[in-house]
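Geometric and topological summary
What follows is each chain in one-letter form.
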Amino acid sequence: MPFYYFSLDLPRYIIADALQGRAFAGGQETAKLFHLTLNLPQSLGGPRTLFDGIWLDRLSYLFALSGLFLLFVLINGGFKYLINMRKGALGERLLQRLRLDLFSAVLHFKPEALQRIKPSEAATIIKDEVEPVGGFVGDAFVQPIFLTGQALTALVFIFAQNLALGLIAGGMILIQGILIPRLRREQIRLARQRQIASRAFAGKIGEVVETLAEVANHGTAAVEKGLIAQRLELLFGIRYRLYARKFAVKALNNLLAQMTPFLFYAVGGYFALAGRLDLGQLVAVIAAYRDLPTPVKELIDWDQQRLDVEAKFQQVAEHFGLDGNPGAGTPGGDGDAASLPAAGMIVAQDLTVTNPAGEHVLDRVSASLPLQRHIALSGGASEGAGILAQVLGGGLHASSGLVTIAGRPLSALSTGIRGKEIAYLGPEPVILDGSLRDNILYSLRRAPADASAPAGWAIDYRRAQADGEAALDVKLIEALRIVGLAEAVFRFGLAARPGSEIPGELVARISDIRTLIRRRLAERGAEAAIEPYDPARYTRNATIGENILFGVPTEPGLIGAKLAENALTREILDELALTDVLCGIGRRIAATMLDIFRDLAPGHVLFEQYSFIAAEDFQHYREALGRMEAGTGSEADRMRLIGLAFLYSEPRHRLGLLDAAVEARLLAARTAFRDRASAGLAHAIAFYDPQRYCAAAPLRDNLLFGLAAQGTADEVLHDTLAELELDGNVYRLGLERPAGYSGRLLFPAMKAQIALARCLIKQPQLLILNNAFGAFSQSEARQILTRVRAAMAGRSLIVAERDLADGFDLHVRFDGARLAALRSVAEVASGQAERPVIEAGAEGPAATGSGEIQALRRVPIFNGLDAARLRLLAFTGERTTFAEGEVLFRRGDEADAAYVLLSGTADVVIAIGEDGSVRGWSVAENAIIGEMGLVMDDPRSATVVATSDIVALKLRKEVFLALLAEFPQMALSVTRLMIKRLRDNAAATSLPSSAGAARDL
């Protein structure tokens, strides 16, 4: 601050001493500058001169003071630079730590907390919204001290020059300090609204981007665009009001800042004219005040920023639940040495899980499941079996009750132990944006003990029970075979495109591999499976253009029909008299295509699959043929037809357009093209060579070096590479295939296979599969599960599925949210019945509140509905009772509802003619009646009479039809039931003897 004070005081000396000549009184030519005297009391020796000063003329005096002023300005600037750098580093370091802490909080969120946070919103908060917090921290302590000192220094200087001017400056500062913060409160409130609205806007955009396929599927692009427009309009309104408030405050602040110079000029000028203030002092005061509003304004801004940052931090803390306990278990590092005991029991004690709607999705379940056994939980993902699997896998937290594994509470397990010992796969597999290899090995990633790993993580080979990269590749291929993905990955490797890093061993041995493949094909009597690329033979399964090129073009101008436009190609065709021949072939192809596809609509799928000519080009070829027939064809017409001929292959298209003579001339064209293109087009074509690897062709084409005419070739290719122990190279190439964001480049079944392989590769002690086979057929799921069970032999496996419970050590069946029965494999083999589970307090359907749901579940047509839909039916249904002999509904009544019999029996009566009715059939508990009228929208076709006291659930027509439209499987079940009813009706009406019995009802 002394340097700042001197920089404020120097202008007074420059004006008074140098410019006005106060230091040169009496007309003297020189004056002493920098004379320094230490005024000590007489007891200490009196005044003592430290520096006698320098004698300077007037101009030198002025430049010396000006230079000193510049020196003080530079020193003050240096201090500001140093302070700003330090506070910037402090703010950035804290921002880095804050973002890392928030991300750590996300990693340890409870599953329930994850359901309420959108990924895009979390990313926006961590990336953008906390940035002002980090930026403010650097200013939190340094800025107020620095600015206050700077403002006080300027204010003290003004007071030292003139008391009145000091009071004016102090009064204006006081008004600004009180008035401006009060006016900015509304500005802060609007800024908070803008932050919340911007966060919601980002969340909506992220949601739309993630569901673009569904938007296109249902044609709701205009709706989503309208919703975004509404949010943008809301943001505009908030921002406009914010700008209005901000600029109003700024205008008032500027007005107050300009009022002070006005008072200085008026009052200070009066004092100067009155001789009470010299001109140098007035100029120095004005110069000092010039620097005063800035620190004062920045102090006010600092206080408003403090309030704003405090509000933002509170919002972030609330959004991330930092005030509570977001952790999903005890945090633990990757290096946790502890592990789960291999033997013991998984014990659930009075376990209850409640969903956000307050419903019990798992209701007071108590069970003991042995470790090192394979256990089947019967039920869907939203039923008790799936919910228990989610709890064990860490996807849900119990609302009450306790789960222990080998005596250790599940909630007390650290994330390190969970990640090492337990693997969970649910119905929606998660795929990362990376290669297949990255996705599968993700479960083996661990933070390194030091900073040696360039990617920030390293592969834990011990977890995969591998001792290095080569052993890990073996484990990877084994996992691929278990999940049924090995064949697909091998195909991906064979299809590796140019640019892939082909292993050098394959490239070096390519000639030997090709020879061995031919030999193995001959041993199997399948020589015809591949037509080899032979420079001396015409390749019949290749097109005419491919035969002429005899290589892989790397430029678009040489691909397919475009080859006909190449100057060298036209020159060679003319020399070998092939131009007219190929033009004639093209004419015949065009005429044939126009004739075959003339009656098909332009968008028909057959155009893409079989036609040489695109639908939109039909008219061009029709006109070209007409001109050629008339003898007026142009060079462009000829090139178009030759290009069409270049796409022709005799075995594939079978139009009989090629003979041996034409093939020999085309072979000559190949030789001429290669000889002349070697220099000029060497960069555009990778020619085939039996002894060399073709870098522009896929790996499969290089290995086969020919066109595969039969599927046997792929089998021989795999066996040959395995024999040479080179198949691992192909698998490695295939594993580099990108999965895309969220697996968008993969089929659903492949996503599930990759996620399952990710679980298996880390060799977990407990593997939990919760309805993970939904993307597979029943037979595929059983095959994969059989291989998984073999791989998990001696370890714990829990599978929650509807229909895959055969052969497990223990079968646990759920009825909705409740545990229904347990049966071991020994009991299954001996034919013993299931052991029902009776829970305390369960006195029947009325006591549990789930009687209707259980009854609906036992109705065949509702068997495929999940618990939520069954609860909807039960909630919208009406429990009704009928006494014995009472009519539920009569033939001809309006069909407004269906009935599910919870208890009791009834007779279905069909009226025949005018002389009475006949008895149709009887229905009992768990039967549904009246659904035919709802589906057909016709009056009742029969009368239903209670033969005992009945309790029924009346299902509303609109709910029943809505579910029927939503679930095709349910519609199929209803159709089958209706056919059965019609057969029963026909059987009943064909029995004459039943008429009398029916009249008695």
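Residues numbered from 1 in each chain as written. Predicted model: local features only at pLDDT ≥ 70, side-chain atom pairs only at ≥ 80, totals over all residues. Heavy atoms only, no water.

1. Things to note about the overall build of the protein chain
Selection rule: The secondary structure listing takes helices from DSSP runs of H or I that are at least 4 residues long and strands from runs of E that are at least 2 residues long, numbered from the N terminus. Residue exposure (1.4 Å probe, protein chains only): buried if accessible area is under 20% of the type maximum, exposed if over 50%, otherwise partly exposed. Only heavy atoms matter for contacts: two residues are in contact if any of them lie within 4.5 Å across the pair. Note that accessible areas follow from Shrake-Rupley with a 1.4 Å probe, and for residues the cover is restricted to the protein chains shown.
Tallying secondary structure elements over the protein chain gives 39 helices and 29 strands in all. Looking at the 1001 residues of the protein chain, the share that counts as buried comes to 45%. Residue pairs in contact within the protein chain that sit at least 24 positions apart in sequence constitute 74% of those at least 6 positions apart. As displayed, the protein chain offers around 50,200 Å² of accessible surface, 57% of which is attributable to carbon and sulfur atoms.

2. What to know about the UniProt feature "transmembrane region" (unreviewed entry) in the protein chain
For the record, the criterion: UniProt positions are given in the numbering used here, feature names are shortened, and annotations may be inferred rather than shown by experiment.
Per the UniProt record, "transmembrane region" (unreviewed entry) is found at residues 61–83, 136–158, 164–183 and 251–273. Measuring from the first to the last C-alpha atom of residues 61–83 gives 33 Å, for a span that is 100% helix and 0% strand.

3. Overview of the packing of aromatic side chains
Convention followed: Each pair of aromatic rings taken from Phe, Tyr and Trp, with Trp reduced to its six-membered ring, is defined by centres within 6.5 Å and is described as stacked if the planes are under 30 degrees apart, edge-to-face if over 60, and tilted in the remaining cases. Charge over a ring is defined by NZ of Lys or CZ of Arg lying within 6 Å of the ring centre and within 35 degrees of the ring normal.
All told, the structure shown has 10 aromatic pairs when counted by the stated rule. Ring geometry for Tyr533 against Tyr688: centres 4.2 Å apart, planes inclined by 10°, an arrangement best described as stacked. Of this pair, Tyr533 sits in the loop between strand 13 (530–532) and helix 19 (544–549) while Tyr688 sits in the loop between strand 15 (685–687) and helix 27 (699–704), and the two are 155 residues apart along the sequence. Look at Tyr533 and you get buried, because its relative accessible area is 9%. Members of the aromatic cluster, connected to one another through ring pairs, are Tyr533, Phe550, Tyr688 and Phe705. Between Arg737 and the ring centre of Phe492, over which it is positioned, the NZ or CZ distance is 4.0 Å.

4. Describing the pairing of strand 19 (residues 810–815)
So the rule is basically this: Two strands are counted as paired when DSSP detects at least two bridges linking them.
Burial analysis of strand 19 places 5 of its 6 residues in the buried class, the great majority of the element. Pairing geometry for strand 7 (residues 374–378) and strand 19, over 4 bridges, is parallel. Directly across from Ser378, in strand 19, lies its bridge partner Arg813.

5. Thoughts on the packing of helix 16 (residues 486–494) against helix 29 (residues 727–735)
What counts is decided by this rule: Between N-to-C directions, angles span 0 to 180 degrees; the directions come from axes that are lines fitted to C-alpha atoms, helices contributing only their stretch in contact. Oblique is the label for every angle not falling under 35 degrees (roughly parallel), over 145 degrees (roughly antiparallel), or within 65 to 115 degrees (roughly perpendicular).
Between helix 16 and helix 29, whose axes approach to 7 Å, the crossing angle comes to 85°. Classified by the angle between their axes, helix 16 and helix 29 sit roughly perpendicular to one another. Counted together, Ala486, Val489, Phe490, Phe492, Gly493 and Leu494 of helix 16 and Asp727, Val730, Tyr731, Leu733, Gly734 and Leu735 of helix 29 form the full contact between these two elements.

6. Focus on unusual backbone geometry
If you check the backbone angles, Gln465 has positive phi at about 60° while not being a glycine. With respect to the helices and strands, the residue Gln465 is situated in the loop between strand 12 (458–459) and helix 15 (469–483).

7. Brief notes about the sheet that holds strand 22 (residues 878–882)
Spatially, 22-29-24-27 is the arrangement adopted by the 4 strands of the open sheet, whose pairing is antiparallel. Two strands in the sheet have a free side with no partner beyond their single neighbour: strand 22 and strand 27 (928–929). Relative to strand 27, strand 24 (residues 897–903) runs antiparallel, the two sharing 2 bridges. Across the sheet, residue Tyr899 finds its bridge partner in strand 27, namely Ile929.

8. Let's talk about a nonpolar patch on the surface
For clarity, the threshold we go by: In this scheme, patches are assembled from residues that exceed 30% relative accessible area and form no salt bridge. Like charges are connected within 9 Å, while nonpolar side chains (Val, Leu, Ile, Met, Phe, Trp, Tyr) are connected within 5 Å. Criterion for a salt bridge: a side-chain nitrogen of Lys or Arg within 4 Å of a carboxyl oxygen of Asp or Glu.
A grouping of Phe34, Leu36, Leu38, Leu50, Phe51 and Ile54 is seen on the molecular surface, where their side chains present a nonpolar patch of about 530 Å² in accessible area. Among the secondary structure elements, those contributing two or more residues to the nonpolar patch are strand 2 (36–38) and strand 3 (48–51).

9. Points about the sheet that holds strand 9 (residues 408–409)
Ordered in space as 6-5-8-9, the 4 strands form an open sheet in which the pairing is antiparallel. Of all the strands in the sheet, just strand 6 (360–370) and strand 9 have a single pairing partner and so form its edges.

10. Some details on the side chain of Asp815
Relative to the helices and strands, Asp815 resides in strand 19. Judged by relative accessible area, Asp815 falls into the buried class, the value being 18%.

11. Quick look at helix 24 (residues 635–645)
What sets the pattern is the α-helix's 3.6 residues per turn: residues three or four places apart point alike. Burial in helix 24 covers these residues: Asp637, Met639, Leu641, Ile642, Gly643, Leu644 and Ala645. The secondary structure elements touched by the buried residues of helix 24 are helix 19, helix 20 (567–575), helix 21 (579–596) and helix 23 (618–629).

12. Examining the nonpolar core
Inclusion rule: Residue types Ala, Val, Leu, Ile, Met, Phe, Trp, Tyr and Cys, when buried and joined through side-chain atoms within 4.5 Å, form a set referred to as a nonpolar core.
Counting residues in each nonpolar core, the largest one holds 73 residues, and the members touching the most others are Leu769 and Val788. The greatest single-element share of this core, amounting to 9 residues, is contributed by helix 30 (residues 748–761). Excluding residues that lie within four positions of it along the chain, Leu769 makes contacts with Leu425, Leu756, Leu785, Val788, Leu797, Ile798, Val799 and Ala800. If you look at the next biggest cluster of nonpolar residues, it comprises 44 residues, including Ala564, Ile613, Phe618 and Ala677.

13. Digging into the pairing of strand 24
On any regular strand, side chains alternate: one points to one face of the sheet, the next to the other face. Strand 24 sits mainly inside the fold: 6 of its 7 residues count as buried. In this sheet, strand 29 (residues 950–956) lies alongside strand 24 in antiparallel orientation, the contact comprising 6 bridges. From the neighbouring strand, Ser903 faces strand 29, where its bridge partner is Val951.

14. Some remarks on the environment of Thr876
Within the secondary structure, Thr876 sits in helix 35 (residues 867–876). Sequence separation of Thr876 and Leu953 is 77 residues, and the distance between their C-alpha atoms is 9.8 Å. The contacts of Thr876, once residues within four sequence positions are left out, are Arg956 and Val959.

15. Here's the deal with the packing of helix 23 against helix 24
Test applied: Crossings are assigned a handedness: left-handed for a near helix turned anticlockwise from the far helix by less than a right angle, right-handed for a clockwise turn. Gly falls in the polar group here, along with every residue not listed as nonpolar (Ala, Val, Leu, Ile, Met, Phe, Trp, Tyr, Cys, Pro) or charged (Asp, Glu, Lys, Arg).
Between helix 23 and helix 24, the shortest axis-to-axis distance is 10 Å and the interhelical angle comes to 115°. Handedness of the helix 23/helix 24 crossing: left-handed. Contacts from His620, Tyr621, Ala624, Leu625, Arg627 and Met628 in helix 23 reach Asp637, Arg638, Arg640, Leu641 and Leu644 in helix 24. Each residue belonging to the contact of helix 23 with helix 24 can be placed in one class, and the counts come to 6 nonpolar, 1 polar and 4 charged.

16. Some thoughts on the environment of Val474
Along the chain, Val474 falls in helix 15. Distance in space between the C-alpha atoms of Val474 and Gly728 is 7.9 Å, their sequence separation being 254 residues.

17. Description of helix 16
In terms of burial, helix 16 is largely enclosed, as 7 of its 9 residues are buried. All of the buried residues in helix 16 are Ala486, Ala488, Val489, Phe490, Phe492, Gly493 and Leu494.

18. Describing the pattern of salt bridges
Counted by the stated rule, this structure contains 19 salt bridges. Between Asp363 and Arg818 there is a salt bridge, and its shortest N-O distance comes to 3.2 Å. With Asp363 in strand 6 and Arg818 in strand 20 (residues 818–824), the pair connects residues that are 455 residues apart, well separated along the chain. Classification of Arg818 by relative accessible area gives buried; the value is 8%. With a shortest N-O distance of 3.3 Å, Glu715 and Arg524 are connected by a salt bridge. Taken together, the residues Glu715 in helix 28 (residues 712–723) and Arg524 in the loop between helix 18 (510–523) and strand 13 connect sequence positions 191 residues apart. Bridged by salt links that share partners, the residues Arg437, Glu469, Asp473 and Arg732 form one connected network.

19. So, the side chain of Arg789
As a reminder, the rule being used: By the counting scheme adopted, Arg and Lys are positive, Glu and Asp are negative, and His together with the chain ends is not counted. Residues adjacent in sequence count toward polar contacts only when both atoms are side-chain atoms; beyond that, a polar contact is any pair of N or O atoms within 3.5 Å, and within protein one must be able to donate a hydrogen and the other to accept it.
Tracing the backbone shows Arg789 in helix 31 (residues 778–791). At 4.4 Å, Asp809 is the nearest oppositely charged side chain to Arg789, a buried residue that forms no salt bridge. In this structure the side chain of Arg789 is engaged in a polar contact, spanning 3.0 Å, whose partner is the side chain of His374. Apart from the residues lying within four places of it in its own chain, the contact partners of Arg789 are His374, Leu797, Asp806, Gly807, Phe808 and Asp809.

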